[in-house]
Amino acid sequence: EPVSFDGEHYQLRDAVLRPTPLQRPHPPLMLGGGGKGILRRAGRWADILHMVPEIGKLGTTTLESVSAFGDDSVTEKLALVREEAKAAGRPDGAVRYATTIFVYQPADSEEQAREAAEGAAAMFGITAEKFTRHPAVLAGTTEQMAEELDRRAKTHGLSLVALEASGMDGIRDFAKRIVVNG
């Protein structure tokens with residue numbers, strides 16, 4: 001339908017938006033972030049919450065913020081989203097959980113996986129176990145990574161994952177290990 005809008009920077013008069021979306025009632029709305037404001041809005045309006053470590057006003061994050069964004073904080077943050085969704089009269093499961101894997105660290109053996117996790121965890125000031133369960137990390141053997149993704153799906157309802165990759169080799173490796181074999 002034609003829509004009019006009077007905003008501070010933009011004005012529309014009887015605008016018609018084409019093409020109309022195929023999805024009904026509308027395309028899925030994804031909000032991204034990890035602060036309380038975005039979590040509340042996601043609970044009220046979003047179809048998908050893409051949760052990442054909190055980013056400051058300058059669009060950057062700190063090692064402390066990344067370290068604090070652990071498995072326990074995801075549980076707490078998702079509880080807030082679900083409370084907001086319920087208060088808005090939305091059904092259970094109305095908001096799907098998504099995240100980005102910023103650290104993809106495959107290993108060919110359990111020993112290699114353990115050593116790599118211990119080394120990386122020290123940089124973040126957390127234990128190796130917390131590192132391998134960190135929402136922005138996927139590390140270990142193919143089996144360990146597949147099990148961890150399954151755990152995240154069962155524990156938190158993780159349903160979508162984006163992979164931060166520095167090139168096609170990382171994407172191909174992820175596809176081979178996780179998508180095809182996982």
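Each remark here, short or long, concerns the structure printed above.
All figures in this text were calculated on a predicted structure; none of them were measured in a lab.

(A) Quick look at a nonpolar patch on the surface. A cluster of nonpolar side chains, namely Val 3, Phe 5, Tyr 10, Leu 12 and Leu 17, defines an oily patch on the protein surface of about 530 Å² accessible area. Looking at the secondary structure, you find Leu 12 in strand β2 (residues 11–15). When its relative accessible area of 38% is taken as the criterion, Leu 12 is described as partly exposed.

(B) Representation of the pattern of salt bridges. By the definition in use, this model includes twelve salt bridges. Measuring nitrogen to oxygen at the nearest pair gives 3.0 Å for the salt bridge that ties Arg 151 to Asp 71. Of this pair, Arg 151 sits in helix α6 (residues 142–156) while Asp 71 sits in helix α3 (residues 71–87); the two residues are 80 residues apart in sequence, bridging distant segments of the chain. With relative accessibility at 14%, the residue Arg 151 sits in the buried group. We note a salt bridge from Arg 172 to Asp 169, for which the minimum N-O separation is 3.7 Å. Of this pair, Arg 172 and Asp 169 both sit in helix α7 (residues 168–180), three residues apart, which is roughly one turn of that helix.

(C) Summary view of the pairing of β2. Bridge analysis of strand β1 (residues 3–6) against β2 gives three bridges, and the strand direction is antiparallel. Looking at the pairing, Val 3 lines up with Ala 15 of β2.

(D) Geometry of the packing of aromatic side chains. Taken as a whole, this structure holds two aromatic pairs when the rule is applied. Look at Phe 124 and Phe 131: their rings are 6.0 Å apart centre to centre, the planes differ by 35°, and that puts the pair in the tilted class. Note on accessibility: Phe 124 and Phe 131 belong to one class, buried. Above the ring of Trp 45, the side-chain terminus of Arg 44 is found at 5.8 Å from the ring centroid.

(E) Structural context of the environment of Leu 160. The residue Leu 160 is located in strand β8 (residues 158–163) in this model. Relative accessible area serves as the criterion here: at 29%, Leu 160 is assigned to the partly exposed category. For the pair Leu 160 and Ile 178, spaced 18 residues apart in sequence, the C-alpha separation works out to 13 Å. If sequence neighbours within four positions are ignored, Leu 160 has contacts with Ile 48, Arg 96, Tyr 97, Ala 98 and Thr 99.

The rules behind the values
Every chain is numbered independently, its residues counted from 1 as its sequence is written. Only residues with pLDDT of at least 70 get local features here, since the model is predicted, and only at 80 or more are side-chain atom pairs given and counted; chain-wide, interface and lining totals rely on the full set of residues. For side-chain calculations, the full set of non-hydrogen atoms in the structure is used, while hydrogens and water are omitted. Residues with no salt bridge and a relative accessible area higher than 30% make up the patches, which join like charges within 9 Å and nonpolar side chains (Val, Leu, Ile, Met, Phe, Trp, Tyr) within 5 Å. With residues, only the protein chains shown are counted as cover, and all accessible areas are computed by Shrake-Rupley using a 1.4 Å probe. One speaks of a salt bridge when a side-chain nitrogen belonging to Lys or Arg is within 4 Å of a carboxyl oxygen belonging to Asp or Glu. To qualify as a helix, a DSSP run of H or I must reach at least 4 residues; to qualify as a strand, a run of E must reach at least 2; elements of each kind are numbered from the N terminus. Burial classes follow relative accessibility: with a 1.4 Å probe on protein chains only, a residue under 20% of its type's maximum area counts as buried, one over 50% as exposed, and anything between as partly exposed. When DSSP finds at least two bridges between two strands, those strands are taken to pair. Pairing of aromatic rings covers Phe, Tyr and the six-membered ring of Trp, with a centre-to-centre limit of 6.5 Å; geometry is then stacked below 30 degrees between planes, edge-to-face above 60, and tilted otherwise. Counted as over-ring charges are cases with an Arg CZ or a Lys NZ within 6 Å of the ring centre that also lie within 35 degrees of the ring normal. Contact criterion: two residues are considered in contact whenever any of their non-hydrogen atoms come within 4.5 Å of each other.

Spatial relationships are all this shows, so hold off on functional conclusions.
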